[in-house]
Amino acid sequence: MREHRPTFNRRGFVGGLIGSTALAACLARPARAQELFSRIGLRGALDADLNGLLPDVADDQSRMLQQAINGAARDGKILWLPAGSYVVSNIDLPDGARIAGVAGATRLIYGGRGHCFVAEGGGRIELSGLVIDGANQRLGEHVTGLVHLRGVSEAVIEDVDITGSSGHALTLEGCGGHVSGCHFSGAAQVGLYAVGSTGLAIRDNVVSDCGNGGILVHRWSPDEDGTIVSGNRVMRIAARAGGTGQNGNGINIFRAGNVMVTGNHVSDCAFSAIRANSADNIQIVGNQAIRSGETGLYAEFEFQGALIANNVVDGATLGISVANFNEGGRLAVVSGNIVRNLVTQGPYPAENAGFGIGIGIEADCSVTGNTVDGAPKWGILAGWGPYLRAVNISGNVVRRSGAGVAVSVVEDSGSALISDNVFQDTPDGAVVGCRWNEVVTGDLTRPGAERFSHLTIADNAVG
């Protein structure tokens, strides 16, 4: 009996597309429809030779999938995989590989014994409409992600679900391109790990229930990066590997300069919603940080330039922290943020200034137009010991906080201007002086109170 092998052609595919959910998706995204039909017309049929690959059979189909991918890439075609499940392992993606499936219905299940998908270099690789399930199978030491791309100039990952990885869900190493509309869930390590990127965009993805991190944008050494992280939803990120902030962050920027983190919704992370470490010119703008286990928004260590504006932080031990002038961290604007509902219990024993603080800053920093409501210890902390320089705190509203502003009065502290703020329901004082963690003055806004030459305190409303 002759083996029946399904065949596909351009006309049949277009006919099948009409009336399908794919057509609805195209109509909702006209640009995508134009791109899709352009590909059909200019690059050949969307269905490359499947080489006997069949859905929903028990056998491992790695060899047949690899042959189909290689053939499609060689011919400049897109390999379209019908709905169903395929067990595969050790798939190598050549330059020009383009694999498309039925979103939510084309499932590639990792069979173990090495890696799932790997690319080593290439101009462009595309994955779309796939579910890639790691089945919690162990990955080889040569990869960190269930999908691991290295040195791909244009990595295009769209509408892909990656779940059940024993490592990271997606690793992009030295890649450009974009990751959009994807869902990364259940990774033992990190949802999306991008290191050494070259003009990457990470937008409109969902990352959930990962063991040690959500979206990580790192570099091996400090340098310009330029990644844009926008419109993502990150939630329920644990810190199974422990530590005091190395793990458990929703979005983490490390050593990567000129990165923009905008319009993201980040909730229920073990540590920070958004944490930038040694990241020059970081922009953290227009995000929501909800129920963070430690600091909501963080710019720390060796950075120069941080814009933290128009964010909402609801629930954290410290709302916004711009820290580590002792390590060279300086130059920031903290403006237009809402910080509320802070707590004094953190994921580790309290250190240094402790928990329950709305906004903490140290050097060359403007703090304007923020509203802090419900900081049990201090609304705003300015400086830490002698690490205070050129700070302007003005036009803020601080209410329902232990004290409004705690400012360092240690010898050799730099200048601070505290003016035109509104303080309400701050029983420990509107502005108090501190030596590190110890309050050593009364309320410095009161007539006749002790003054310090490095402080200018004026025109505040205290109620």
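Computed from a predicted model, the values in this text were never measured in an experiment.

What follows is about the environment of Gly181. With respect to the helices and strands, the residue Gly181 is situated in the loop between strand S11 (177–180) and strand S12 (183–185). Taking the C-alpha atoms as reference points, Gly181 and Ser128, 53 residues apart in sequence, are found 9.6 Å from one another. Not counting the four nearest positions on each side in its chain, Gly181 is found in contact with Asp159, Val160, Arg203, Asp204 and Asn205.

Here we take up the side chain of Ser208. In this structure, Ser208 sits in strand S15 (residues 206–210). Overall, Ser208 belongs to the buried group, its relative accessible area being 4%. In terms of polar contacts, Ser208 uses its side chain to reach the side chain of His183, at 3.1 Å. Those residues in contact with Ser208 that lie beyond four places of it in its chain are His183, Phe184, Ser185, Gly186, Met235 and Arg236.

Before going further, it helps to spend a moment on the packing of aromatic side chains. Two descriptors summarise a pair of aromatic rings, namely the distance from one centre to the other and the angle between the planes of the rings. Summed over the entire model, instances satisfying the criterion amount to three aromatic pairs. An angle of 85° between the planes, with centres 6.3 Å apart, marks the rings of Phe325 and Tyr387 as edge-to-face. In this pair, Phe325 sits in the loop between strand S28 (318–322) and strand S29 (330–335) while Tyr387 sits in the loop between strand S33 (371–382) and strand S34 (389–394), placing the two residues 62 residues apart along the sequence. With a centroid separation of 5.6 Å and an interplanar angle of 65°, the aromatic rings of Tyr348 and Phe355 are classed as edge-to-face. Both residues of the pair, Tyr348 and Phe355, count as buried. Pairwise contacts between aromatic rings join Phe271, Tyr348 and Phe355 into one cluster. Sitting over the ring of Trp378, Lys377 keeps its end group 4.4 Å from the ring centre.

Counting buried residues along strand S25 (residues 295–300), six of its six residues qualify, which places the element largely inside the surrounding structure. Examined bridge by bridge, strand S22 (residues 274–277) and S25 share four bridges and lie parallel to one another. Note on S25: the bridge partner recorded for Ala276 is Ala299. Both S25 and S28 contribute to a ladder of four bridges, which runs parallel. For Thr295, the partnering residue across the bridge sits in S28 and is Leu318.

The rules behind the values
Residues numbered from 1 in each chain as written. Predicted model: local features only at pLDDT ≥ 70, side-chain atom pairs only at ≥ 80, totals over all residues. Heavy atoms only, no water. Helix = DSSP H or I, 4+ residues; strand = E, 2+ residues; numbered from the N terminus. Contact = heavy atoms within 4.5 Å. Buried < 20%, exposed > 50% of the residue type's maximum accessible area, 1.4 Å probe, protein only. Polar contact = N/O pair within 3.5 Å; in protein donor to acceptor, adjacent residues only side chain to side chain. Phe/Tyr/Trp six-rings, centres within 6.5 Å; stacked < 30°, edge-to-face > 60°. Lys NZ or Arg CZ within 6 Å of the ring centre and 35° of its normal. Pairing = 2+ DSSP bridges.

That is the geometry; function is a separate question.
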